[in-house]
Amino acid sequence: MKNTIYLILTFFIFIGCKSETATNTSSEKTATQTNNFAIIIHGGAGTILKKNMTDEKEKAYQQKLTEAIKIGHTILKNGGTSQEAVIKTIQVMEESPLFNAGKGAVFTHEETNELDASFMVGKTLNAGAVAGVTNVKSPIELAVKVMTDSDHVMLSGKGASIFAKEKGLEIVDPTYFYTEKRFQSLQRIKNRNKTQLDHDDKKAAFYDADIKNAKFGTVGCVALDKNGNIAAGTSTGGMTNKRWGRIGDAPIIGSGTYANNKTCGVSSTGWGEYFIRSQVAYDISAQMEYQQKSLKEATADVIQNKLTKLGGTGGVVALDKNGNMAFEFNTAGMYRASMNDKGDLVVKIYKE
Ligand code: ASP
């Protein structure tokens, strides 16, 4: 008799718990708009520690992130499209030597700069991307042109440059991308690798010998405009000492960038090989679409659980159709900023 009562009690407790979860889930599904428009950016994740940062450097990053996000925010506030906001915001960061994108791109093993970028709009699922570009000032602009002015999604190398010229985009001499800081980083890695080549750590021979402590300076932006359209873009120089035409996740739709008005927009930064294998950006959207997860739950699962288990490091910025925003990373820091429709600005570098 006692056992039967316990059994019945356990049954009702179980049902009670279940229905609470269901209520939570459905309340998320019908969540009201948090922000009518919003914008979120990153300037790379990695081993960014306060103890290694000067006040001057910290301020420079904060100022550039603020300048970039305010440009996009003003466009959105004035009724502009998320597409325009993402392009203009990323271009500010591409023009700054602080980030590993555009002007500040890292060097390849051959001491050249090869840039990658991608862009996607959530309304139509249209996308454009470029890889291994050496003389186009704004790779993000070129990625958008591939989307709007070609029948293709991804162009690479020389062909991408010819296309850029034909479309009248600004072409620069490859020396435009030379910065002493990035050049010295390459030399440091090469010298370190020379002493390590006897060891059979193959990855170390190609990239930073201490890649787990690397800094990824890719830039990315996701925006939601007043019409409910999401756009996302990512731009990078890739990884220092890359070889053989290596392409990372940044120009891969679904890995480095993804946008879908039904779910969210995402831009990634981190160790590209792992982001490609994990399909990071699309997985976040898929978890929201097929498992009804919230943006927070989906980004946390993909970065803190799936990517981390695989050994990947980095992070994402993401924004959903209701204007909720998420920063998620498994590194010590990530250059990042967000602004909502009230104009509240968040700029952060370290974990907290
Ligand atoms: N994800 C980029 C790549 O692997 C690097 C970065 O985020 O800085 O090319």
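Scroll up a little and you will see the structure.
Heads up: these notes are all about the structure in this document. Each residue is numbered by its place in its chain's sequence as written, counting from 1. The model is predicted, so local features are restricted to residues of pLDDT at least 70 and side-chain atom pairs to those at 80 or more, both for listing and for counting; the totals for chains, interfaces and linings are taken over all residues. Where side-chain values are given, they derive from all heavy atoms of the structure, hydrogens and water being excluded.

Structural notes on the packing of helix α2 (residues 55–77) against helix α3 (residues 82–94)
Okay, so step 1: Fitted lines through C-alpha atoms give the axes, limited to the stretch in contact for helices. The angle between two N-to-C directions lies from 0 to 180 degrees. Going along the chain from the N terminus, every DSSP run of H or I of four or more residues is numbered as a helix, and every run of E of two or more is numbered as a strand. Viewed as axis vectors pointing N to C, α2 and α3 meet at an angle of 160 degrees, and their least axial separation amounts to 8 Å. When the axis of α2 is compared with that of α3, the two are roughly antiparallel. In this structure, the crossing between α2 and α3 has a hand that is right-handed. Between α2, through Lys64, Leu65, Glu67, Ala68, Ile69, Ile71, Gly72, Ile75 and Leu76, and α3, the contact on the second element is made entirely by Ser82, Glu84, Ala85, Lys88, Thr89, Val92 and Met93. Comment on the angle field: the value is read as roughly parallel under 35 degrees, roughly antiparallel over 145, roughly perpendicular from 65 to 115, and oblique elsewhere. With the far helix as reference, a near helix turned anticlockwise by less than a right angle produces a left-handed crossing, and one turned clockwise produces a right-handed crossing. Pairs of residues are marked as contacts when any of their non-hydrogen atoms sit within 4.5 Å.

Some thoughts on the site of the ligand
Okay, so step 1: Near, as used in this document, describes a residue that has one of its heavy atoms within 4 Å of the molecule or strand being considered. Inspection of the region around the ligand gives Asn100, Phe216, Gly217, Thr218, Gly238, Met239, Arg246, Gly248, Asp249, Thr269, Gly270 and Gly272 as its neighbouring residues.
Okay, so step 2: At a separation of 3.2 Å, an oxygen atom of the ligand approaches a polar backbone atom of Gly217.
Okay, so step 3: For the ligand, the accessible surface in isolation is 270 Å², of which the surrounding protein chains cover 100%.
Okay, so step 4: Here a cavity means grid points, on a 1 Å grid over the protein atoms only, where a 1.4 Å probe fits yet cannot get out; a pocket means an open set of points with protein on both sides within 12 Å along at least five of seven lines; lining residues are those with an atom within 4 Å of a point. Cavities and pockets are treated as containing a molecule whenever more than half of the molecule's atoms lie within 2 Å of their grid points. Judged by the fraction of its atoms near the pocket grid, the ligand is located in the largest cavity.
Okay, so step 5: Class assignment of the residues belonging to the shell around the ligand gives a composition of 2 nonpolar, 8 polar and 2 charged. Between N or O atoms, a polar contact is any pair within 3.5 Å; within protein, one atom must be a potential hydrogen donor and the other a potential acceptor, and residues adjacent in sequence are included only when both atoms are from side chains. Residue-level accessible areas treat just the shown protein chains as cover; the underlying method is Shrake-Rupley with a 1.4 Å probe. Gly falls in the polar group here, along with every residue not listed as nonpolar (Ala, Val, Leu, Ile, Met, Phe, Trp, Tyr, Cys, Pro) or charged (Asp, Glu, Lys, Arg).

Details of the environment of Val153
Okay, so step 1: Turning to its location among the elements, Val153 is positioned in the loop between α4 (139–149) and β4 (154–156).
Okay, so step 2: A C-alpha to C-alpha distance of 9.8 Å links Val153 and Ile252, two positions 99 residues apart in sequence.
Okay, so step 3: If we skip the residues at most four places from it in the chain, Val153 touches Ala127, Gly128, Ala129, Val146 and Ile253.

Looking at the packing of helix α9 (residues 280–291) against helix α10 (residues 295–310)
Okay, so step 1: Between α9 and α10, the shortest axis-to-axis distance is 9 Å and the interhelical angle comes to 135 degrees. Taken together, α9 and α10 sit at an angle that is classed as oblique. Remark: the crossing between α9 and α10 carries right-handed chirality. Contact residues: α9 offers Val280, Asp283, Ile284, Gln287 and Met288, while α10 offers Leu295, Ala298, Thr299, Asp301, Val302, Ile303, Lys306 and Leu307.
Okay, so step 2: A per-class count over the contact of α9 with α10 returns 8 nonpolar, 2 polar and 3 charged.

Here's the deal with the sheet that holds strand β7 (residues 257–259)
Okay, so step 1: Only when DSSP finds a minimum of two bridges between them are two strands counted as paired. Pairing within the open sheet is antiparallel, and its 4 strands lie in the order β7-β8-β9-β10. The sheet terminates laterally at β7 and β10 (325–329), the two strands that pair on one side only. Across this sheet, the average inter-strand angle for adjacent strands is 10 degrees, counted without regard to direction.
Okay, so step 2: The strands that α9 touches are β7, β8 (264–270) and β9 (314–320); relative to β8, the one it contacts most, it runs at about 145 degrees.
Okay, so step 3: α10 contacts β8, β9 and β10 of the sheet and is inclined by roughly 10 degrees relative to β10.

Brief notes about the side chain of Ser138
Okay, so step 1: Along the chain, Ser138 turns up in the loop between β3 (127–133) and α4.
Okay, so step 2: The rule is simple: take the accessible area with a 1.4 Å probe, protein chains only, and divide by the maximum for that residue type; under 20% is buried, over 50% is exposed, in between is partly exposed. The exposure class of Ser138 is buried, given its relative accessible area of 9%.
Okay, so step 3: Apart from the residues lying within four places of it in its own chain, the contact partners of Ser138 are Gln91 and Glu94.

Description of a positive patch on the surface
Okay, so step 1: Patch definition: residues above 30% relative accessible area lacking any salt bridge, with like charges linked at up to 9 Å and the nonpolar side chains Val, Leu, Ile, Met, Phe, Trp and Tyr linked at up to 5 Å. In the sections that follow, a salt bridge refers to a side-chain nitrogen of Lys or Arg positioned within 4 Å of a carboxyl oxygen of Asp or Glu. Counted charges follow a simple rule, with Lys and Arg positive, Asp and Glu negative, and His plus the chain ends left uncounted. To locate a charge, take atom NZ for lysine, CZ for arginine, CG for aspartate or CD for glutamate. Together, Lys57, Lys181, Arg188 and Lys215 line one region of the surface with positive charge.
Okay, so step 2: Topologically, Lys181 is positioned in helix α6 (residues 180–196).
Okay, so step 3: Residue classification places Lys181 among the partly exposed positions, given a relative accessible area of 42%.

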